[in-house]
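Each chain, written out:
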Amino acid sequence: MRIAGASYREIAAQLGVSHEAARQLVIKALEQVSDVSEELRAELRKLELERLDAMLRSLWQKVAAGNESAINTALRIMERRAKLAGLDTADKINISAEVVTKPTLEELIALIRPKDETA
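Keep in mind the model is a prediction, meaning the values are calculated, not measured.

Draft legend 1. The arrangement of the pattern of salt bridges in detail. Across all of its chains, the model carries three salt bridges by this definition. Two residues, Glu20 and Arg23, come together in a salt bridge whose shortest N-O distance is 2.9 Å. On the criterion of helical spacing, the pair formed by Glu20 and Arg23 is a turn pair, its members being three residues apart in helix H2 (residues 19-32). Taking relative accessible area as the criterion, Glu20 reaches 38% and is therefore assigned partly exposed. Between Asp53 and Arg81 there is a salt bridge, with the nearest N and O atoms lying 2.5 Å from each other. Placement of the pair is Asp53 in helix H3 (residues 38-64) and Arg81 in helix H4 (residues 68-85), with a sequence separation of 28 residues. Here Arg81 falls in the partly exposed class, since its relative accessible area comes to 27%.

Draft legend 2. View of the layout of surface pockets. The computed volume of the largest pocket comes to approximately 590 Å³. Along the walls of the largest pocket sit 20 residues, with Tyr8, His19, Arg23, Leu52 and Met55 positioned nearest its centre. Within the residue set of the lining of the largest pocket, elements represented by two or more residues are helix H1 (8-15), H2, H3 and H4. Of the residues in the lining of the largest pocket, the class split is five nonpolar, five polar and ten charged. Here the second largest pocket is characterised by a volume of approximately 480 Å³. For the second largest pocket, the lining is made up of 16 residues, of which Ile27, Leu30, Arg45, Arg80 and Leu84 are closest to its centre. Among the residues forming the lining of the second largest pocket, the class breakdown is seven nonpolar, one polar and eight charged.

Draft legend 3. Quick look at the side chain of Arg51. By secondary structure assignment, the location of Arg51 is in helix H3. Those residues in contact with Arg51 that lie beyond four places of it in its chain are Arg2, Gly5 and Ala6.

Draft legend 4. Broad picture of the packing of H1 against H2. Two numbers describe how H1 lies on H2: the axes approach to 8 Å, and their chain directions differ by 100°. With respect to their mutual orientation, H1 and H2 come out roughly perpendicular. Of H2, the residues touching H1 (which contributes Tyr8, Arg9, Ile11, Ala12 and Leu15) are His19, Ala22, Arg23, Leu25 and Val26.

Draft legend 5. Spatial organisation of H2. With 14 residues, H2 extends 20 Å from end C-alpha to end C-alpha; this agrees with the ideal 20 Å at 1.5 Å per step. Listed in full, the buried residues belonging to H2 are Ala22, Arg23 and Val26. Down the axis of H2, the buried side of the element spans an arc of 100°, and every buried residue falls inside it. Exposed and facing more than 90 degrees away from the buried side of H2 are Lys28, Glu31 and Gln32. If you follow the buried residues of H2, they end up packed against H1 and H4.

Draft legend 6. Structural context of the nonpolar core. Counting residues in each nonpolar core, the largest one holds nine residues, listed as Leu49, Leu52, Leu56, Leu59, Val63, Ala70, Ala74, Ile77 and Leu84. Within the residue set of this core, elements represented by two or more residues are H3 and H4. With five residues, H3 is the largest single contributor of residues to this core. Listed in part, the six residues of the second largest apolar core include Tyr8, Ala12, Ala22 and Val26.

Calculation notes
Residues numbered from 1 in each chain as written. Predicted model: local features only at pLDDT ≥ 70, side-chain atom pairs only at ≥ 80, totals over all residues. Heavy atoms only, no water. Salt bridge = Lys/Arg side-chain N within 4 Å of Asp/Glu carboxyl O. Helix = DSSP H or I, 4+ residues; strand = E, 2+ residues; numbered from the N terminus. Buried < 20%, exposed > 50% of the residue type's maximum accessible area, 1.4 Å probe, protein only. 1 Å grid on protein atoms, 1.4 Å probe; cavity = no way out; pocket = protein on both sides within 12 Å on 5 of 7 lines; lining within 4 Å. Points joined across faces, edges and corners; volume = space filled by probe spheres on them. Nonpolar A, V, L, I, M, F, W, Y, C, P; charged D, E, K, R; others polar. Contact = heavy atoms within 4.5 Å. Axes fitted to C-alpha atoms, helices over the stretch in contact; angles between N-to-C directions. Parallel < 35°, antiparallel > 145°, perpendicular 65-115°, else oblique. Expected span 1.5 Å × (residues − 1). Arc of directions from axis to C-beta. Core = buried A, V, L, I, M, F, W, Y, C linked by side-chain atoms within 4.5 Å.

None of the figures reported here should be taken as evidence of function without further support.
Below you can see the structure in the form of structure tokens.
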């Protein structure tokens, strides 16, 4: 239903669940479908981002006017958009370390002893 363009409200009404439950069901279903190609996922992500943008545009005059309810709604839309676009994910940092042990006295002496000197 979602891929066909149904809103979460329409899906919720059809399934007899809340708007949020419908959204969670859609997200779970998409995560569980293993044969969904990356191309389809990208298309769905693009569709969702366009819808979120449209919602935000429709609220923007009220946001700019300082309407607290509109501001809160806009913030929720922006949070969802950032999550969907992966903007809030932490950058991965590769860290490697080398274990260094203290040299023994003999190893230190060997390092400073001239090469031609014998023991």
